[in-house]
Amino acid sequence: MSDAIPDLSRVIQRLEATRRINVASRQMSSLEDLLGGVVEETERGRVLVVRRRFEAGHLHGRQLLDAARGMADAPLALLTRTGAPPAGPRLLYLDTETTGLAGGTGTYAFLVGVGFFDGETFEVRQYFMRDLDEEPALLAALDPLLRDMDGLVTYNGTGFDLPLLETRFVLARRRWPEAAFHLDLLPAARRLWSGRLPDCRLGTVEQHALGFAREWDLPGALIPSVYFEYLRRKAPGELPRVFEHNRHDILSLAALAGRVADAVARAPGPEFGVEELAGLGRLWEAVDPDRGEACYRMALAGGLPSPARERVRGRLAWREKRRARWDASRVLWEEAARGARFFDSRPWEEMAKIHEHRLRDLAAAHAVVTEALEHARVHRAPGGVVEALHHRLGRLSRRLERAR
């Protein structure tokens, strides 16, 4: 028995040492330690905040963050629905990670990432709910930052991030700080690159437009399940990858805003691809038709492929029609009609109208509609389209008969 006591003591000492190591390991691998974050006090409780700072000359892919610091008002106004520039230079780049994509009152934004320029640096700040009851603290920390900025920049924020945050603010009995300026980059990305990309998700666009490829990235579809696993186990697990994913989103927002605003300001130019030129033409067309037309014509001269080619020719044809340049409009409609891979009745109808009403050539109008009907049959156009063409052809035939 006396010999067994030292052995038992050594076993207990080893167990105690192992326990201390495990405790230390758990402490070292806490979420705050892993992320380099701090728990901050707010008027509504505590929330975890992670800060990272990047030099303005930081390259995100092949794009400098600094390009977003000097964006001119005209391109920014052109990229928004309101057509108005921000009241000042302080823009907040915002992205959320949520418990689901359905929206509504049951969806939480458990991680809100924001980015902004502070002098010569760009700060990314991430607010995280360690449990669902920390939402009031997260919103309390976010509120003054939203109110201090001159505008917001998001990617699909119009359809998802901002309505979700507004819902969370209302449920928390807080007034949502409506920003006078909001730039959602998704419509601009669709305008510029949808013709050549399989989709316009941020990951796809950033790889094409910024040359940024994510390594070891956590797919967005898995993020809600990672958070729910964290709530169950209270262990960091894959959460550091969620923070990294969100941080890349914020950096991409700033880099993409600078890239798009710079393209709008410099268009047209030979350095742009033909699809980009067509999209830039659409952006400029409403406020500066001449500049929009220059973008369109450069895109066509560069070999813009179908079907974008036919759409651009159609828009140029409408402009020539408004200027009463009937021959120029007819030529563009003819190129759009005969160069298309799919049947579209509008160019044929416009050609027929010009021949009939402007050039007073009923025979040419009759020939155009006859050819259009042949194409409609080959492409199996809808019955309503074929019926409308038959109606026009019958009317032209009667006018020709009376003229004879």
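These figures come from a predicted structure and were not determined experimentally.

S.K.: I'd like a description of helix α11 (residues 289–301), backed by residues and values.
M.R.: Here α11 is 13 residues long and its end C-alpha atoms lie 18 Å apart, about the 18 Å a rise of 1.5 Å per residue gives. Taken together, the buried positions of α11 are occupied by G292, E293, C295, Y296 and A299. For α11, the angular spread of buried residues about the axis comes to 160°, placing them on one side. Exposed positions of α11 whose direction lies more than 90 degrees from the buried face are D290 and A301. Of the surrounding elements, those touching the buried residues of α11 are α10 (274–285) and α12 (308–322).

S.K.: Which residues make up unusual backbone geometry, and what are the values?
M.R.: Of note, the amide linkage connecting A267 to P268 takes the cis form, showing an omega dihedral of -5°. In this structure, P268 sits in the loop between α9 (239–266) and α10. At the junction of S306 and P307, the peptide bond is cis and its omega measures out at 5° in the coordinates. Of note, P307 is situated in the loop between α11 and α12. The residue N156 is not glycine, and still its phi comes out positive at about 65°. For R173, which is not glycine, the phi torsion reads 60° and is therefore positive. Note on placement: R173 falls in the loop between α5 (157–171) and β9 (182–184). Classification of R173 as exposed rests on a relative accessible area of 80%.

Analysis parameters
Residues numbered from 1 in each chain as written. Predicted model: local features only at pLDDT ≥ 70, side-chain atom pairs only at ≥ 80, totals over all residues. Heavy atoms only, no water. Helix = DSSP H or I, 4+ residues; strand = E, 2+ residues; numbered from the N terminus. Expected span 1.5 Å × (residues − 1). Buried < 20%, exposed > 50% of the residue type's maximum accessible area, 1.4 Å probe, protein only. Arc of directions from axis to C-beta. Contact = heavy atoms within 4.5 Å.

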